[in-house]
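For reference, the chains in residue letters:
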Amino acid sequence: MKTIGSFILGLDGQQKAVVSFLHNHLTNHHDLNGKISYNIPVYYRKTWICYLNPIKKNGIELAFVKGHRLSNEQNLLKRKNRKYAAGIDIYEINDIPEKAINEIINEALILDQLHSK
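Residues numbered from 1 in each chain as written. Predicted model: local features only at pLDDT ≥ 70, side-chain atom pairs only at ≥ 80, totals over all residues. Heavy atoms only, no water.

**Student:** Account for the sheet that holds strand β1 (residues 33–37), with residues named and values stated.
**Tutor:** Sheet strands line up and pair through hydrogen bonds in the backbone, either parallel or antiparallel. Spatially, 5 strands are ordered β1-β2-β3-β4-β5 in an open sheet, and the strand pairing comes out antiparallel. The two strands at the open ends of the sheet, each matched to only one other strand, are β1 and β5 (86–90). Direction aside, the axes of adjacent strands within the sheet are offset by 25° on average. Bridge count between strand β2 (residues 40–44) and strand β3 (residues 48–55): 3 bridges; the pairing is antiparallel. Note on β3: the bridge partner recorded for Tyr 43 is Cys 50. (Pairing = 2+ DSSP bridges. Helix = DSSP H or I, 4+ residues; strand = E, 2+ residues; numbered from the N terminus. Axes fitted to C-alpha atoms, helices over the stretch in contact; angles between N-to-C directions.)

**Student:** I'd like a rundown of the side chain of His 25, residues and numbers included.
**Tutor:** In this fold, His 25 is placed in helix α2 (residues 13–29). Overall, the relative accessible area of 6% leaves His 25 in the buried class. If near-sequence neighbours (up to four positions away) are discounted, His 25 is found in contact with His 30, Glu 98, Asn 102 and Ile 105. (Buried < 20%, exposed > 50% of the residue type's maximum accessible area, 1.4 Å probe, protein only. Contact = heavy atoms within 4.5 Å.)

In short, shape yes, function no, at least from these values alone.
Below you can see the structure in the form of structure tokens.
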């Protein structure tokens, strides 16, 4: 079974740096569990919260499974013709809007908490 570590090792350049940073941030700062599903890293507590999806031009999309239910006050989430998911395309580690991402993750965690009630 493929691990997130082996997924990261299979990436190059900025993709590797961005995924490494986001993986550590999601698991260490937000206490999310991660696993490989559909060949990409997925992060969850009770339900799937977000995933990291490689995109063209060496970017990574941090996508939120219930993006359609998030406020998007930061105006960063893009639906890309998807019914539910919405995400942020990131091409370089210096482009990560950490404060805004934390706000989005915290809102997604509230939805996850409400899902179990």
